[in-house]
Amino acid sequence: MVEKSAQRVVNYIYNYKPIINYGALFSDGTERFRSPAEPKSGDTVTIRFRTARDNVDYVYLLYNGQRLRMDKTDSDKLFDYYSVTLPPLMERGYYHFEIGSGNVTIYYNKLGIVKDTDRQYAFELIPDFYVPAWAKGAVFYQIFVDRFNNGDPKNDVLNDEYTYIGTNAKKVENWSKTPDAVDVGNFYGGDLQGVIDKLDYLADLGIDAIYFNPLFVSPSNHKYDIQDYDYIDPHYGKIVVDKGNLLPAHSTDNTLATRYIERVTNLANLEASNELFIHLVEEAHARGIKVVLDGVFNHCGSFNKWLDRERIYEGREGYEKGAYVDKDSPYNSFFKFNDKDGWPYNDKYDGWWGHDTLPKLNYEESEKLHDYIMKIGAKWVSPPFNCDGWRLDVAADLGSSEEYNHRFWRDFRNAVRAANPNAIILAEHYGNPKPWLQGDQWDTIMNYGAFMEPITWFLTGVEKHSDEFRGDFLGNPDIFWDSMRYYMSYLNENSIEVAMNELSNHDHSRFLTRTNRRVGRIHTMGAHAADENVNKDIFRQAVLFQMTWPGAPTIYYGDEAGVCGWTDPDSRRTYPWGREDRELIQFHKDMIKLHKSSDALMNGSLVKLHGSTKCIAFGRFTDKEAAAIVLNCDYEDKKLLLHVRSIGVPNNRMMKRVVLTYEGGYYMDDNAHMVQNNMLTAVIPKMSAAVYIYKKTE
């Protein structure tokens, strides 16, 4: 009897499998776990999955209805790696993993460990979907040109040069003045020469790419109401012929604004402006800086030469009659007119969201319009302009049906990529972008759902327009991690790697203002309130997060210099040349340098390490390096035990803390911390953030 009992114990010990080590389970769409990461049609793709060493009985790949056993093909001191090579890829594939040990079976997909499978969150193989390599982890800088730097006062908009949306154009003489609540007709004089003059500043900051708000001819300071897609606005470029009269007093008739008409329709001014832009791109490229344009193709402006509601092109040599002016205009099909007998001067046309200053472009009924915009898309990424891509304004709104919208963007991608295979195509989009990120339309998005919104709620509790405060969201790790998991699951890995990760932009309040945790807008609180009680400690945490999270960190001009502001138009304040916050600029330089110098931060896989009230931690890792990042937005110090074995850091190894922010400042560090019992002990002061780095030498 004793012998039988002893034998049972021996058998149990011999056959015993430990409980699955959930923290070790991992796969994603990076090159380490999918090779090639961006497969072409006909490629054989190898999928890898990681487990703890000697920890599971089997791993299966569930691929397009097949159950493929994965072989243990590699091991290191910490992990086993299971692999399977798929047949040549000819169509889209979906996969997730099944892991078993003893009588325990679990599944793994984009959300991580799950109890069952859901194709919505499966990993995807999309043949021939690639994004430009230069954009992966690139640091972008967004410039709203009128407010960045005035390099050529001779092209400034003049007082009463013309009228638009009920107000006359106004030249703001005081560069430091905050925007008015109604600001569309106020111009500060920023231009392309001003950008050229500051390219060395941007290069020194560490910028890899400039994203410009619209540059084409248009009557507003924001220029999302395009007047002429073929030319840079001379108010941003060069005015070499400058004659005519200002708008007469009390007049609203822009046909009398002959100075404006001459400035924006004279071919000499238009061509000189395009030449200056060519020069800007050449100068940017010479410094290793890419240039991305803003494409506003859902709608144009009422000043547009195709419509010509203001009649500024009527009778001008070299211009056809606009569709507003004449029923027989060659551009009649470009717009949807609701009064079929309203000519001449037919003002019954569809506007975007009902705005008659933003005529909706009528692609479904005009193949000619479609073809024109395809040529525009290709033109600006081709010689002699040589831009490096497009950001697409309100891209999901284009057209009158979802079916046509997808057709248009497929055509646009084909046209742009045929002209410049390395051009990026990124879109403004809220909500689920997955239908557009299938390899045939957009590369990526402005990353609201999986970046701006979760980190804003977590660090400030304020909505991105500063319209709402949610105390239950402030410092809530569950909301942060759940938001990130689900919104990131909508994107393929390559789309995540180039996603535009912004803290602020022209449509939302400045992040530094959100740190005051107040609700308001310029017309309710006044501009001064946006500067009050801001917290640079929180802002430094946000910037550190921006430079360590997967994607392309994007700085909105002036954020690095301490600019505040409520949402549009107050977020469009001028860059404070001569009044910059030099310490914040240096902090951005240091964080950009850290971002670019770290293989883990540029290319690493992402792992959650911690989540507790007002404190989160995550890891990034590659085969060469691992990084642990901690944010503590509490007013108490924290002592965390971070399980860094999950990012490949062995026991009894040193991790160096390379940066620590704290109340009142930050310092770049080289403080070594020993990993013991597979844990990194991180003591994080209140209102601070830190980055720990481990270099793999074995």
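Everything below is about the structure shown above.
Model, not experiment: these values are computed from the prediction.

Visitor: Looking at this structure, I do not really get the overall build of the protein. What am I missing?
Guide: If you tally the helices and strands in the protein, you get 15 helices and 32 strands. Rg of the C-alpha trace for the protein: 28 Å, near the compact-globule value of 26 Å for 698 residues, within the 12% margin. By principal-axis analysis of the C-alpha atoms, the protein measures approximately 110 × 55 × 45 Å. In the protein, which comprises 698 residues, the proportion classed as buried is 61%. Taking as baseline every contact in the protein between residues at least 6 positions apart, the subset at least 24 positions apart corresponds to 70%. About 26500 Å² of surface is accessible on the protein, with carbon and sulfur atoms providing 48% of the total.

Visitor: Where do I start with the sheet that holds strand E19 (residues 290-295) in this structure?
Guide: Note: strands within a sheet are paired through backbone hydrogen bonds, in either parallel or antiparallel orientation. Strand order in the open sheet formed by 8 strands is E22-E21-E20-E19-E16-E11-E24-E23, with parallel pairing between adjacent strands. What marks the edges here is a single partner per strand, and that holds for strand E22 (444-445) and strand E23 (500-502). Running at roughly 160° to strand E20 (residues 389-392), helix H7 (residues 402-419) makes contact with E20 and strand E21 (424-427) of the sheet.

Visitor: Before we go on, may I ask you to explain the sheet that holds strand E29 (residues 654-662) in this structure?
Guide: Ordered in space as E25-E26-E27-E32-E29-E30-E31-E28, the 8 strands form an open sheet in which the pairing is antiparallel. The open sheet is flanked by strand E25 (605-612) and strand E28 (638-642), the only strands paired with a single partner. Across the sheet, the mean angle separating the axes of adjacent strands is 20° when strand polarity is ignored. Where E29 lies against strand E32 (residues 688-695), 5 bridges are found, and the strand directions are antiparallel.

Visitor: It is not clear to me how the nonpolar core should be interpreted in this structure. Could you clarify?
Guide: A general trend in soluble globular proteins is that nonpolar side chains are found buried together. Core analysis: the biggest nonpolar cluster contains 145 residues, and Tyr 141, Phe 277, Phe 297 and Trp 390 have the highest contact counts within it. For this core, the element with the most residues is helix H8 (residues 448-460), which contributes 7 residues. Excluding its chain neighbours within four sequence positions, the residues that come into contact with Phe 297 are Tyr 229, Leu 361, Tyr 363, Ile 373, Ile 376, Trp 390, Leu 392, Leu 398, Trp 409 and Phe 412.

Visitor: What am I meant to see in a nonpolar patch on the surface here?
Guide: The grouping of Ile 19, Tyr 22, Val 104 and Ile 113 at the surface amounts to a nonpolar patch, some 370 Å² of accessible area in total. Inspection of the secondary structure assignment puts Ile 113 in strand E9 (residues 112-114). Relative accessible area serves as the criterion here: at 37%, Ile 113 is assigned to the partly exposed category.

Visitor: Help me understand the side chain of Arg 417 in this model?
Guide: If you trace the backbone, Arg 417 turns up in helix H7. At a separation of 3.5 Å, a polar atom in the side chain of Arg 417 contacts the main-chain carbonyl oxygen of Tyr 130. One polar contact links Arg 417 to Asp 443, side chain to side chain, over a distance of 2.8 Å. Once residues within four sequence positions are removed from consideration, Arg 417 is found in contact with Tyr 130, Val 131, Pro 132, Ala 423 and Asp 443.

Visitor: Whenever I open this one, the environment of Asp 507 confuses me. Can you help?
Guide: Take Asp 507: it is sitting in the loop between E23 and helix H11 (511-514). It is 26 Å that separates the C-alpha atoms of Asp 507 and Tyr 363, two residues lying 144 residues apart in sequence. Ignoring anything within four residues of it in the chain, the contact list for Asp 507 reads Arg 391, Glu 428, His 465, Thr 567, Asp 568 and Arg 572. Within polar-contact distance, the side chain of Asp 507 engages the side chain of His 506 at 3.2 Å.

Visitor: I'm lost on the pairing of strand E7 (residues 93-101) in this one. Help?
Guide: Within a regular strand, the side chains alternate between the two sheet faces. Burial analysis of E7 places 9 of its 9 residues in the buried class, which makes it a mostly covered element. With burial as the criterion, each face of E7 is covered, one bearing Gly 93, Tyr 95, Phe 97, Ile 99 and Ser 101 and the other bearing Tyr 94, His 96, Glu 98 and Gly 100. Note: strand E3 (residues 58-63) against E7, 6 bridges, orientation antiparallel. Counted as the bridge partner of Leu 61 is Phe 97 from E7. Pairing geometry for E7 and strand E10 (residues 123-125), over 3 bridges, is antiparallel. Residue pairing in the sheet places Tyr 94 in a bridge with Glu 124 of E10. Between E7 and strand E8 (residues 104-109), which pair antiparallel and follow one another directly, the connecting turn spans 2 residues, one of which, Gly 102, has a positive phi of 60°.

The rules behind the values
Residues numbered from 1 in each chain as written. Predicted model: local features only at pLDDT ≥ 70, side-chain atom pairs only at ≥ 80, totals over all residues. Heavy atoms only, no water. Helix = DSSP H or I, 4+ residues; strand = E, 2+ residues; numbered from the N terminus. Rg over C-alpha atoms; globule rule 2.2 N^0.38 Å. Buried < 20%, exposed > 50% of the residue type's maximum accessible area, 1.4 Å probe, protein only. Contact = heavy atoms within 4.5 Å. Areas by Shrake-Rupley, 256 points an atom, 1.4 Å probe, with all protein chains shown as cover. Pairing = 2+ DSSP bridges. Axes fitted to C-alpha atoms, helices over the stretch in contact; angles between N-to-C directions. Core = buried A, V, L, I, M, F, W, Y, C linked by side-chain atoms within 4.5 Å. Patch = residues over 30% accessible without salt bridge, like charges linked within 9 Å, V, L, I, M, F, W, Y side chains within 5 Å. Salt bridge = Lys/Arg side-chain N within 4 Å of Asp/Glu carboxyl O. Polar contact = N/O pair within 3.5 Å; in protein donor to acceptor, adjacent residues only side chain to side chain.

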